[in-house]
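Given next are the chains, with one letter for each unit.
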Amino acid sequence: MLRAARFIVIAVILLGIAWWISTLPGSVTAHSGSYTVTASTPVALLILAVIALLLTIMFRVIGGIRRAPGGLSAWQGGRRKNLGEIAINRGLTALAAGDAKGAEAEAGRARKLLGETPLVLLLTAEAARLNGKHDQADAAFKKLTTHKDMAFLGHRGLGHHAAATGDHDAARKHALAAEDAYPGSSWARAERLAAALKQQDWRSALGLTQAPAEVAAIATAAANSTQDRSNALRYAKQAVKADPSLVPATVAYARSLSLAGKARAAKKALLNGWTATPHPMIAAAYLENIPDPIERVQAASQLAAAKPGHPESEILLAETSLAAKLTGEARRHAQAATAAGLTDKRPYAVLTALGDAPVDAPAPKWTCQSCHAEHTGWHATCPNCGKAGSLVWKSASTALVPA
Ligand SMILES: [Zn+2]
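No experiment lies behind these values; they were computed from the predicted model shown. (Residues numbered from 1 in each chain as written. Predicted model: local features only at pLDDT ≥ 70, side-chain atom pairs only at ≥ 80, totals over all residues.)

Turning to the overall build of the protein chain, a few remarks are in order. When you go through the protein chain residue by residue, the secondary structure sums to 18 helices and seven strands. On C-alpha atoms alone, the protein chain measures out to a radius of gyration of 45 Å, which is more than a quarter above the 22 Å that the 2.2 N^0.38 rule sets for 403 residues. Across the 403 residues that make up the protein chain, the buried fraction comes to 34%. Once local pairs closer than 6 in sequence are excluded, the contacts in the protein chain between residues at least 24 apart make up 42%. (Helix = DSSP H or I, 4+ residues; strand = E, 2+ residues; numbered from the N terminus. Rg over C-alpha atoms; globule rule 2.2 N^0.38 Å. Buried ≥ 20, exposed ≤ 12 C-beta atoms within 10 Å, placed from the backbone. Contact = placed C-beta atoms within 7 Å.)

Have a look at this one:
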């Protein structure tokens, strides 16, 4: 209704203007050289309107043509972006599939299409790494560290390579920078710990873990490596507190006590340790300064009394008795050890020394719970995989082959 009314009003106005123009009196004359054109005023106005309309159309067309190149380049840009994203997607898939050459080719394509965007840099770096081109990879990761949101990934890439090549100083720096870029990152913390352990920087390592087995092992190493008596005692206490069953921690604690002049406390710590976990390392520490074989048997009896009948108590008595030439006692305790389930080579070595036929049995070992490597001595970190507090004592074996 309203639209119809508006249409009628506009139509009436236009008709009015047309009627008014048609009634205008006079004429318009134009001269050009020897030509003279004369038209009535309404016709001249009509010609003027037509010229204005033609000019408007012409400017529109020219403007459209001028804008066209911008439109074309925008279209091309969008197309490049799409193709670049496709190259990144394919490159990431190739990386995951372990296709080094494919990943490298897609990374190159993405770089040409998109330039060095953070995602292109990441793909370039990982592809180069997979191809063994570590200089290229490091260069791309380094550029990545300058991007605010991707700096963590840059430092992670550089840190990985530094650790793999044994440059633990650089690995620590990058792990620290990665932690700055992404506070609370568990990866960065684990890397810092691994690098500190590799450098045997026990003090720093202790600040980077709270796992009891790791703390006990690292604190034991710290106690054993320091020359400072009070620090040694402090670290050894920390180790025993973190894991009272860790034998090397007990031994380190007793040693630091006797270095501090507390011989009785040291002896008590070893006796308590034997009650908790009988082990040859505790026996060795307990008998350390006793050269006389008979006195050693007496000391061994004191220790064994803290856990009577235990296979380790029996083998300790067998070995000290044999050294003191108490052959009857030695045989009795060696047999008691095997009867109590000790099947490693120690009781058989005693019996062989007493004239029995040799038995081929395995030696007791420290075994890494992480990588399963076997070691004859205890280490705070596994010499094979580097994990802290992963070594456990394995004294018995099922494999017994008579010689
Ligand atoms: Zn290991």
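All right, on to the nonpolar core then. Core analysis: the largest hydrophobic core is formed by 88 residues, its most contacted members being Ile218, Ala219, Ala236, Ala239 and Tyr253. Residue contributions to this core peak at eight residues, all from helix 10 (residues 212–225). Each of domain 1 (80–178 + 188–193) and domain 2 (206–356) accounts for three or more of the residues forming this core. (Core = buried A, V, L, I, M, F, W, Y, C linked by C-beta atoms within 7 Å. Domains from an automatic or database assignment.)

Before going further, it helps to spend a moment on the packing of helix 10 against helix 12 (residues 247–259). With their axes 9 Å apart at the nearest point, helix 10 and helix 12 run at an angle of 30° to one another. With respect to helix 12, the axis of helix 10 lies roughly parallel. Classified by chirality, the crossing of helix 12 by helix 10 is left-handed. Contacts from Ala216, Thr220, Ala223 and Asn224 in helix 10 reach Pro248, Ala249, Ala252 and Ser256 in helix 12. Its residues placed into classes, the contact of helix 10 with helix 12 shows five nonpolar, three polar and no charged. (Axes fitted to C-alpha atoms, helices over the stretch in contact; angles between N-to-C directions. Parallel < 35°, antiparallel > 145°, perpendicular 65-115°, else oblique. Left-handed = near helix turned anticlockwise from the far one by under 90°. Nonpolar A, V, L, I, M, F, W, Y, C, P; charged D, E, K, R; others polar.)

Under the domain assignment used here, the protein chain contains domain 1 (80–178 + 188–193) and domain 2 (206–356). Computed from C-alpha atoms alone, the centre-to-centre distance between domain 1 and domain 2 is 51 Å.

This paragraph deals with helix 8 (residues 186–198). Over its 13 residues, helix 8 extends 18 Å from the first C-alpha to the last, a length consistent with the 18 Å expected when each residue adds 1.5 Å. All of the buried residues along helix 8 are Ala188, Glu191, Arg192, Leu193, Ala194, Ala195, Ala196 and Leu197. Where helix 8 is buried, its residues touch helix 6 (151–164), helix 7 (168–181) and helix 9 (202–206). One or two residues past the end of helix 8 sits Gln200, with phi positive at roughly 55°. (Expected span 1.5 Å × (residues − 1).)

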